[in-house]
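Now for the letters of each chain:
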Amino acid sequence: MRWLWRIYRLLWRSDRVAMRRGLALSVAVLVAGAALLGLSGWFITAAAGAGLIGMGAVFDVFRPSAGVRFLALGRTAARYGERVLTHDATLRALANLRVRLLAGIAARPWRQLTRMRGSQTLNRIVADVDALDGVMLRLAIPFLAGASTLGLGLMVLAWLVAPVVALWVVAVLGLGGAAGLGMAARRSRRAARRAEAAMQALRTRSMDMMRAKTDLAMLGVLDRAQADFHNAANRMEAARAEVDRAEHRAALALGLSALLAATGALGLGASLTQSGTLTPAQAALGFFAALALAEIFGPLRRGMADLGRMTDAARRVGRQLDTATVSHDPADVEGDASHTRLSLQDVGWQDNNACAPVISDVTLELGPGDMVVLTGPSGCGKSTILHLAAGLLHPTEGHALLDGRNLADWNEMELRARTGLLAQRSVLTRGTVASILRVAKPEASDEEMRAVLDAVALWPVLARRGGLQAELAETGTGLSGGETRRLALARVLIRRPAILLLDEPTTGLDPATACAVLDGVRTICPDSAILLASHSPVETEWARAAGGSIISIGKG
């Protein structure tokens, strides 16, 4: 429960004023409902009694009827205001929470990010934050409002009816409500968790089917994937049905406690009326007030049925908030290629679970305009060296320095302004060509974007498809593999970083286009230091002709 308490405090602090007003209006709704039914019962009974004793002509019907109208309209207005205030404040708080979670994930170490599955992580965040809206809307505010209304009802009934009736109504409703809600929470906890897990599986499998439908069909396993999808849907529906049954049982228990409270209030009222302590109208007021006060448990039923789901979501979100270390430095810095130097001194790196290092004793120096090409067989560690040079990995031995400072000591924004990495697998977002390039440099002009596209020999291709406003689907669908690679390279070049780290930049290109692209890289970034991992003879020959150094990396 401590995780739920933490989320409650987080949501409450996000807009205390709106939450307090919403809570006050929630109490007003419940009080108006109880007062409306109690006053109506008193009015009808008192009017009937007045008629029986011949006082109907002088009985005041105007003030009670005006009170009924006032309470009915006031209850509707309070309900509307409560929904507007609490829902608006809660949804804004949850929107900010999503941003914090995504920013915290983005700030995690690169090795952790590479192990994450994007769609699964995003689905989990969305589902967890969606589940947390119930912490305030279906648990905290209904509970506080209900407890306040019960306490107020105890005092008012003791004053207007009798203390014994008030104690009976509040005790039975309180104990019965606690038992019914506790039963709902206990019986539905596992089912709510199973429903959430099945929903996550359903989302993931649906996205996998949409993205890989062609491949699944060609491999002959589309029917199996569809069966898995329907299996997850069936499991989710079955679990939700179990949650609904638990809620219905709780509703039955709450209804029985309300019936017992109302029946007892009626019996006590009748007994006190016979003894002359109460009037029939007062006895009716206690009976109808008991029925009205039972409504305070209605909003809590679904919240308690979803308690298992909300508790799990609160625990995951709370742990992510604990590990989120996000830099909010707004400094606008640019890389200066005129003096920046990269130095790797006896660098080695070994994965935590590996028995041997991926690389060891790597030393190289890069200054303005320098070029080094790393060659060697697949798996020898070329990409690892680029990741060390980019500061995505930290060496387990030796030192990786930028301008004499350890890369680990650099501010993230300053480091990214000076280094640019084209990884082996680069991802393009959905949108126009301009929006894809502006991911790296939001303020880039059309002229800058055309210049880098022309440098990577891609502008003539895009010009025929709409130029900078050409629409691309997710992962660059709409371009060939080589064109997608060149657009990813253009996104790196548009910032003109002082250190260019390129992992097989001309993969998928013919020799003539590859040479044109490499020449364009040097044209756009004439003073940048280039560290290039290569399998291609075209790249090594170009680097050698341009005066670059070739370093062969041996495996191990």
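Conventions we followed
Residues numbered from 1 in each chain as written. Predicted model: local features only at pLDDT ≥ 70, side-chain atom pairs only at ≥ 80, totals over all residues. Heavy atoms only, no water. UniProt positions renumbered as here; feature names shortened; annotations may be inferred. Core = buried A, V, L, I, M, F, W, Y, C linked by side-chain atoms within 4.5 Å. Buried < 20%, exposed > 50% of the residue type's maximum accessible area, 1.4 Å probe, protein only. Helix = DSSP H or I, 4+ residues; strand = E, 2+ residues; numbered from the N terminus. Contact = heavy atoms within 4.5 Å. Pairing = 2+ DSSP bridges. Phe/Tyr/Trp six-rings, centres within 6.5 Å; stacked < 30°, edge-to-face > 60°. Salt bridge = Lys/Arg side-chain N within 4 Å of Asp/Glu carboxyl O.

An unreviewed UniProt entry annotates the protein as ATP-binding cassette, subfamily C, CydC of Roseovarius pacificus. On record in UniProt, under Subcellular location (unreviewed entry), the comment for the protein is "Cell membrane".

The subject of this paragraph is the nonpolar core. Counting residues in hydrophobic clusters, the biggest one holds 65 residues, and the most contacted among them are Leu97, Leu132, Val135, Met136, Leu157, Val169 and Leu173. Broken down by element, this core gets its largest block of residues, twelve residues, from helix α5 (residues 118-160). What Met136 contacts, discounting residues up to four positions off in sequence, is Tyr8, Leu11, Trp12, Met19, Thr90, Ile141 and Pro142. With 41 residues, the next largest nonpolar core counts Ala434, Leu453, Leu487 and Val492 among its residues.

Further remarks concern the sheet that holds strand β4 (residues 397-402). Taken in spatial order, the four strands make up an open sheet running β2-β1-β4-β5, and their pairing is antiparallel. Every other strand in the sheet has two partners, leaving β2 (359-366) and β5 (405-406) as the edge strands with one partner each. When strand β1 (residues 342-349) meets β2, the two strands line up antiparallel, connected through five bridges. Within β2, the residue paired with Ser343 across the bridge is Glu365.

The next point concerns the packing of aromatic side chains. A full pass over the atoms with the stated rule returns three aromatic pairs. Seen in terms of ring centroids, Phe287 and Phe288 are 5.1 Å apart; in terms of plane orientation they differ by 75°. Their pairing is edge-to-face. For Phe288, a relative accessible area of 26% puts it in the partly exposed group. Three or more aromatic residues joined by ring pairs form one cluster here, namely Trp5, Tyr8 and Trp12.

This paragraph deals with the pattern of salt bridges. One pass over the structure, following the stated rule, counts 21 salt bridges. Across the pair Arg83 and Glu82 runs a salt bridge whose closest N-O atoms are separated by 3.5 Å. Between Glu447 and Arg450 there is a salt bridge, with the nearest N and O atoms lying 3.6 Å from each other. With Glu447 and Arg450 both in helix α15 (residues 446-455), this residue pair falls three residues apart, about one helical turn.

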